[in-house]
Amino acid sequence: MTAPTGSRRTFLKSSLALAGAAPALGAANAHAKAGGPLIAYVGTFSSPLRDTLPTQVDLPPGNGRGIHRFTVNRDTGAMTQVGTHEMGTSPSCLAVNAAGTRLYSANETDRVGPEKVGTVSAFAVDRTDGSLKLLNTVPSGGAGPTYVSVHPSGKFVLVANYFGGSVAVLPIVEDGKLGTATDVKTDAGKIGPTRAPNAPKGSFAFSGHDRTHAHMIQADPSGRFVLHVDLGLDAIFVWKFDEAKGTLTANDPASVSLPPGDGPRHFHFHPNGRWLYSVQEEGSTVVLFDYDGEKGGLKARQTVSTLPTGFAGSNFCSEILGSADGKFVYVGNRLHDSIGILSVGATGELTLVGEEWTRGNYPRSFTFDPTGTFLYCCNQRADHVTVFRADRKTGGLAFTGHYAPVGNPSHVAFLDLK
């Protein structure tokens, strides 16, 4: 972990020293010792965003080729590309089922039918090498699907449509294929202001307050409730989930509000299931909510900045992720190009303890490997994924020196085939 006042040159020098002379290759030996390969799938923007509103700031040119497949060295974290499932529809978010036999992708730039809705694809996973076979592709229930997750029951895929301002429930049917949506909900309400009250001084991070924008959807740990955020409405919605029918019913209350203009983007449940952390794209904040798992209730308790003291200018937050032991929360800062590191106190409250430069431009998302040893960061505009070793005691991130070239990377999903 580096102090907020250190220079990036110092970050790089110290991190390379920590990484040492560990070889970038040797993945085959690591796989042999473990009994099977560790696979990393990287979703990308593989075509330009079209038909977007003039306020859209995130316009990747589409440098990716689809879903890129890597083997991962378990000892060094290095990635070696072994294949690509080519898709020109920007599979920007990926989800693997619990059995590791199916993968689902949100195809963000696909446009089908008169309403130009996006699509979600289902793939069968080859359990020997992780290669993918397309099973089917179905409409996502709205334009620009940007997030998919698998319901804990394993019977449904949940999708958030950013440009459509809607969420949908897609049933998983025979052989892991996807069926027609069992429910679609379209967001409605008052759009928040373009200026976020909690944004840094001088910020021009005005990205999503032009209309409704559903940005993430995920079930709570029990699967009884489904939550989704709408960036334009500055709200987190809570739905009762009917597992028999695959339908969503508004909870009471139906939503909780964030400060107008702050723009909630993603959220993360603490392992205890009682705390939820929401990251705001334009406000550059994390809000801690107490979560009532019996009623699906949310109550805000703390707001902290994702940026070092004294920062001024524009920043767009992106991802939020917690360590498996619940001791640390990590947040992505685009334009500042850092991962903020926050420690979790005994009552769930957060303290910003430092940040690490991502060694690239515009970190869209990041993911831990299955052991929590390495963190993989998608630097969208730099066209690469960078690898960091996580310190379990301090929460710090040390750059390993490993880069994986990928055009406009968006999301990393892991599958352990040992």
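Computed from a predicted structure; not experimentally measured.

Caption draft 1: Quick peek at empty space enclosed by the protein. Scanning the model with the defined rule gives one cavity of 30 Å³ or more in all. Approximately 140 Å³ is the volume found for the largest cavity. Surrounding the largest cavity, 16 residues form its lining, Q56, D58, Y162, R265 and R364 being those nearest its centre. Taken together, the residues of the lining of the largest cavity sort by class into six nonpolar, four polar and six charged.

Caption draft 2: Just the environment of D262, in detail. Tracing the backbone through its elements, the reader meets D262 in the loop between β15 (247–257) and β16 (264–269). For D262, a relative accessible area of 1% translates into the label buried. Spatially, the C-alpha atoms of D262 and S284 are 7.6 Å apart, while their sequence positions differ by 22 residues. Residues within four places of D262 in sequence aside, it is in contact with A196, P197, N198, H209, D234, Q280, E281, E282, G283 and T285.

Caption draft 3: Fine view of the pairing of strand β18 (residues 285–292). When you tally the buried positions in β18, you get six out of eight residues, the bulk of the element. The pairing of strand β17 (residues 275–280) with β18 spans six bridges and is classified as antiparallel. Within the sheet, the bridge partner assigned to S278 lies in β18 and is V287. The turn joining β17 and β18, which pair antiparallel and follow one another in sequence, is formed by four residues; a positive phi near 55° is taken by S284. Joining the antiparallel neighbours β18 and strand β19 (residues 297–305) is a turn of four residues, in which G296 adopts a positive phi near 75°.

Caption draft 4: Local environment of the packing of aromatic side chains. Summed over the entire model, instances satisfying the criterion amount to nine aromatic pairs. Judged by centre distance (5.9 Å) and plane angle (55°), the rings of F204 and F206 are tilted. Using a relative accessible area of 58% as the deciding quantity, one classes F204 as exposed. Residue F206 is classed as partly exposed on the basis of its relative accessible area, which comes to 25%. Here the aromatic rings of F269 and Y291 are separated by 5.2 Å at their centres, their planes lie at 75°, and the arrangement is edge-to-face. With F269 in strand β16 and Y291 in strand β18, the pair connects residues that are 22 residues apart, well separated along the chain. The exposure class assigned to F269 is buried, which follows from its relative accessible area of 9%. Its relative accessible area of 7% is what places Y291 among the buried residues. Through a chain of ring-to-ring contacts, the aromatic side chains of F267, F269 and Y291 assemble into a single cluster.

Caption draft 5: A look at the layout of surface pockets. Taken as a whole, the largest pocket spans an internal volume of roughly 1300 Å³. As for the largest pocket, its lining consists of 48 residues, of which Y147, Q218, L321, T367 and H411 are closest to the centre.

Caption draft 6: Local environment of the sheet that holds strand β1 (residues 38–44). The four strands are arranged β3-β2-β1-β28 in an open sheet whose pairing can be described as antiparallel. The open sheet terminates on both sides in strands that have one partner only, identified here as β3 (79–86) and β28 (409–416). Sheet twist, expressed as the average angle between the axes of neighbouring strands with direction ignored, equals 25°. As judged from the seven bridges shared by strand β2 (residues 66–72) and β3, these two strands associate in the antiparallel manner. Within the sheet, the bridge partner assigned to F70 lies in β3 and is Q81.

Caption draft 7: Seen up close, the sheet that holds β17. With respect to topology, four strands assemble into an open sheet ordered β16-β17-β18-β19, the strand pairing being antiparallel. A strand with exactly one partner marks an edge of an open sheet, and here the two such strands are β16 and β19. Strand-to-strand twist of the sheet, defined as the mean angle between neighbouring strand axes without regard to direction, takes the value 25°. Across eight bridges, β18 lies against β19 in antiparallel orientation. Residue Y291 lies in a different strand from β19, and its bridge partner there is L298.

Caption draft 8: Fine view of the pattern of salt bridges. Evaluated as defined, the whole model comprises 12 salt bridges. Across the salt bridge formed by D416 and R74, the nearest N and O atoms sit 2.8 Å from each other. Here R74 lies in the loop between β2 and β3 and D416 lies in strand β28, a separation of 342 residues in the sequence. Salt-bridge contacts for R364 lead to E108; the nearest nitrogen and oxygen are separated by 4.0 Å. With a gap of 256 residues between them, R364 in strand β24 (residues 363–368) and E108 in strand β5 (residues 102–112) connect regions that are remote in the sequence. Accessibility classification places R364 together with E108 in one group, the buried group. A single network of salt bridges, built from pairs that share partners, joins D58, E108, R265, E281, R334 and R364.

Caption draft 9: Spatial organisation of the nonpolar core. Counting residues in each nonpolar core, the largest one holds 45 residues, and the members touching the most others are L178, L227, I236 and L298. Top contributing element to this core by residue count: strand β14 (residues 235–242), with six residues. Discounting chain neighbours no more than four positions away, the residues touching I236 are L227, H228, V229, A254, S255, V256, L258, L276, S278, F289 and L298. Judged by nonpolar contacts, the second largest core, of 15 residues, contains A40, V42, M79 and V406.

Criteria and thresholds
Residues numbered from 1 in each chain as written. Predicted model: local features only at pLDDT ≥ 70, side-chain atom pairs only at ≥ 80, totals over all residues. Heavy atoms only, no water. 1 Å grid on protein atoms, 1.4 Å probe; cavity = no way out; pocket = protein on both sides within 12 Å on 5 of 7 lines; lining within 4 Å. Points joined across faces, edges and corners; volume = space filled by probe spheres on them. Nonpolar A, V, L, I, M, F, W, Y, C, P; charged D, E, K, R; others polar. Helix = DSSP H or I, 4+ residues; strand = E, 2+ residues; numbered from the N terminus. Buried < 20%, exposed > 50% of the residue type's maximum accessible area, 1.4 Å probe, protein only. Contact = heavy atoms within 4.5 Å. Pairing = 2+ DSSP bridges. Phe/Tyr/Trp six-rings, centres within 6.5 Å; stacked < 30°, edge-to-face > 60°. Axes fitted to C-alpha atoms, helices over the stretch in contact; angles between N-to-C directions. Salt bridge = Lys/Arg side-chain N within 4 Å of Asp/Glu carboxyl O. Core = buried A, V, L, I, M, F, W, Y, C linked by side-chain atoms within 4.5 Å.

That's the geometry; what it means functionally is another story.
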